[in-house]
Amino acid sequence: MTQHWFRLHVQRIDATKNMARYYTISIEPDLFGGASLVRHWGRIGTRGKERVDLFKDERQAIGHFLVLARQKRARGYKPQPRS
């Protein structure tokens, strides 16, 4: 398996709705030669939740990563600003 590192951290902040959320997705290798898609999400400042999806190969994981990234962008999530 080729090692490509994919990681995306986005935020959605809207003070008028008291909304401050984050969403992080990354692709990591698993112990069996496949790939895992790891997601973390929740309110900024909290531990949030986590989900891990396993895939046979990195190509499938990348495809799902891109779908999720497009969905989050469509919902108004933006990359975290650098300070």
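Residues numbered from 1 in each chain as written. Predicted model: local features only at pLDDT ≥ 70, side-chain atom pairs only at ≥ 80, totals over all residues. Heavy atoms only, no water.

Engineer: Give a description of the pattern of salt bridges that names residues and reports values.
Structural biologist: Here the structure, examined in full by the defined rule, presents 2 salt bridges. Put simply, Arg-39 and Asp-53 hold a salt bridge, and the shortest N to O gap is 2.7 Å. Here Arg-39, found in strand E3 (residues 35-43), pairs with Asp-53, found in strand E4 (residues 49-55); they are 14 residues apart in sequence, far enough to count as distant. Across the pair, Asp-53 and Arg-39 agree in class, each one buried. Here Asp-53 makes a salt bridge to Arg-51, at a shortest N to O gap of 3.0 Å. Given the relative accessible area of 14%, Asp-53 is considered buried. Here the residues in one salt-bridge network are Arg-39, Arg-51 and Asp-53, joined through shared partners. (Salt bridge = Lys/Arg side-chain N within 4 Å of Asp/Glu carboxyl O. Helix = DSSP H or I, 4+ residues; strand = E, 2+ residues; numbered from the N terminus. Buried < 20%, exposed > 50% of the residue type's maximum accessible area, 1.4 Å probe, protein only.)

Engineer: Before we move on, could you go through the environment of Glu-58 and cite the residues and values that matter?
Structural biologist: Mapped onto the fold, Glu-58 is located in helix H1 (residues 58-74). Glu-58 sits in the buried class, given a relative accessible area of 8%.

Engineer: Run through the pairing of strand E2 (residues 19-29), naming residues and quoting values.
Structural biologist: For E2, a buried count of 8 out of 11 residues is recorded, marking the element as mostly surrounded by other parts of the structure. Of the strand pairs in this sheet, strand E1 (residues 6-14) and E2 are connected by 9 bridges, and their pairing is antiparallel. Paired with Phe-6 across the two strands is Ile-27, which belongs to E2. Counting the residues in the hairpin turn of E1 and E2 gives 4 residues, including Asn-18, whose phi is positive at 55°. Across 9 bridges, the pairing between E2 and E3 is antiparallel. Along E3, the bridge assignment pairs Thr-24 with His-40. Adjacent in sequence and paired antiparallel, E2 and E3 are bridged by 5 residues, among which Gly-33 carries a positive phi angle near 90°. (Pairing = 2+ DSSP bridges.)

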